[in-house]
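# Working through the structure, step by step
Chain by chain, the residues run as shown.
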Amino acid sequence: MVIKYELINRRERILRLFREAIEAENRKDLETAKKKLDEILHESLNTEPEFYFEACFRLAEIFLQEDNYRGAVKCAIRAILRAPSEDHYRLGIKRLGDILAIIKREGKLSELAENMETTLKLVNEDEELRRFVEVLIKLAQGKKIREKFILPEFNEVFESLIE
């Protein structure tokens, strides 16, 4: 019974934190929203992968609002790496593609050309995602790249970036 009770308490706490983060974001209090989302990340890291996934993307959206493009990409990649299922993984790639489309539309893709070492370190264990991040950095540096990936979602994102 104790385990079930702890699980319910953790989920209720996470849901309350999500609500507080959204309310803070709606008030344009992005610092409070980020703190609440960080709490969710900490609370859900090894126990609630779906919540972790969503909190990472919510944090990525806040970073986009702050024009912190590297932070947004890093959060999206963290979500993808810890995706709780194959479907979440593929959805995460598409959501990363949406983030990258916004960055491209803003003309800020070049900001991903430098200081991406920590993001590259994150993806060491996922060969396909690492290759995608490496190609992304090269594209941001202005290099012309032709690349094919195993997952069609990566190819779709890549193609949208070189159009």
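Analysis parameters
- Residues numbered from 1 in each chain as written.
- Predicted model: local features only at pLDDT ≥ 70, side-chain atom pairs only at ≥ 80, totals over all residues.
- Heavy atoms only, no water.
- Phe/Tyr/Trp six-rings, centres within 6.5 Å; stacked < 30°, edge-to-face > 60°.
- Helix = DSSP H or I, 4+ residues; strand = E, 2+ residues; numbered from the N terminus.
- Lys NZ or Arg CZ within 6 Å of the ring centre and 35° of its normal.
- Buried < 20%, exposed > 50% of the residue type's maximum accessible area, 1.4 Å probe, protein only.
- Contact = heavy atoms within 4.5 Å.
- 1 Å grid on protein atoms, 1.4 Å probe; cavity = no way out; pocket = protein on both sides within 12 Å on 5 of 7 lines; lining within 4 Å.
- Points joined across faces, edges and corners; volume = space filled by probe spheres on them.
- Nonpolar A, V, L, I, M, F, W, Y, C, P; charged D, E, K, R; others polar.
- Expected span 1.5 Å × (residues − 1).
- Arc of directions from axis to C-beta.

## Brief notes about the packing of aromatic side chains
Counted under the stated rule, the structure contains six aromatic pairs. For the ring pair Phe-53 and Phe-57, a centre distance of 5.2 Å and an interplane angle of 65° mean the geometry is edge-to-face. With Phe-53 and Phe-57 both in helix H3 (residues 49–65) and four residues apart, the pair spans about one turn of that helix. Each residue in the set Phe-132, Phe-149, Phe-154 and Phe-158 is aromatic and connected to the rest through ring pairs, giving one cluster. Lying across the ring of Tyr-52, Arg-82 places its NZ or CZ 5.6 Å from the centre.

## Some thoughts on the side chain of Ser-44
Looking at the secondary structure, you find Ser-44 in helix H2 (residues 30–44). Residue Ser-44 is classed as buried on the basis of its relative accessible area, which comes to 0%. Once you skip the residues sitting within four places of it in the chain, Ser-44 turns out to touch Ile-14, Pro-49, Phe-51 and Tyr-52.

## A closer look at the environment of Ala-33
Considering the arrangement of structural elements, one finds Ala-33 in helix H2. Residue class for Ala-33 comes out buried when judged on its relative accessible area of 0%. Ala-33 sits 55 residues away from His-88 along the chain, and the two C-alpha atoms are 23 Å apart. If sequence neighbours within four positions are ignored, Ala-33 has contacts with Ala-21, Ala-24, Glu-25 and Ile-62.

## Points about the environment of Leu-129
Looking at where Leu-129 falls in the secondary structure, it is placed in helix H7 (residues 127–140). Exposure remark for Leu-129: the relative accessible area of 0% places this residue in the buried category. The spacing of Leu-129 and Ile-102 is 27 residues in sequence and 20 Å in space, taken between C-alpha atoms. Residues contacting Leu-129, with those up to four places away along its chain left out, are Ile-77, Ile-80, Leu-81, Tyr-89, Val-123 and Phe-154.

## A few points about unusual backbone geometry
You will see that Asp-67, though not glycine, has its phi angle at about 60°, which is positive. Structurally, Asp-67 can be placed in the loop between H3 and helix H4 (69–81). The phi dihedral of Asn-115 is positive, around 55°, even though this residue is not glycine. If you trace the backbone, Asn-115 turns up in the loop between helix H5 (86–105) and helix H6 (117–122).

## A few points about the layout of surface pockets
Volume-wise, the largest pocket comes out at about 150 Å³. Around the largest pocket, the lining residues are Leu-139, Gly-142, Lys-143, Lys-144, Ile-145, Arg-146, Leu-161 and Ile-162. Tallied by class, residues from the lining of the largest pocket come to four nonpolar, one polar and three charged.

## A closer look at H2
Every α-helix carries 3.6 residues per turn, so stepping three or four residues along brings you back to the same face. With 15 residues, H2 ought to run about 21 Å at 1.5 Å a step, and its terminal C-alpha atoms sit 21 Å apart, in line with that. For H2, the complete set of buried residues consists of Leu-30, Ala-33, Lys-34, Lys-36, Leu-37, Ile-40, Leu-41 and Ser-44. Considered in projection along H2, the buried side chains sweep an arc of 165° and stay on one side of the axis. Facing away from the buried surface of H2 by more than 90 degrees, the exposed residues are Lys-35 and His-42.

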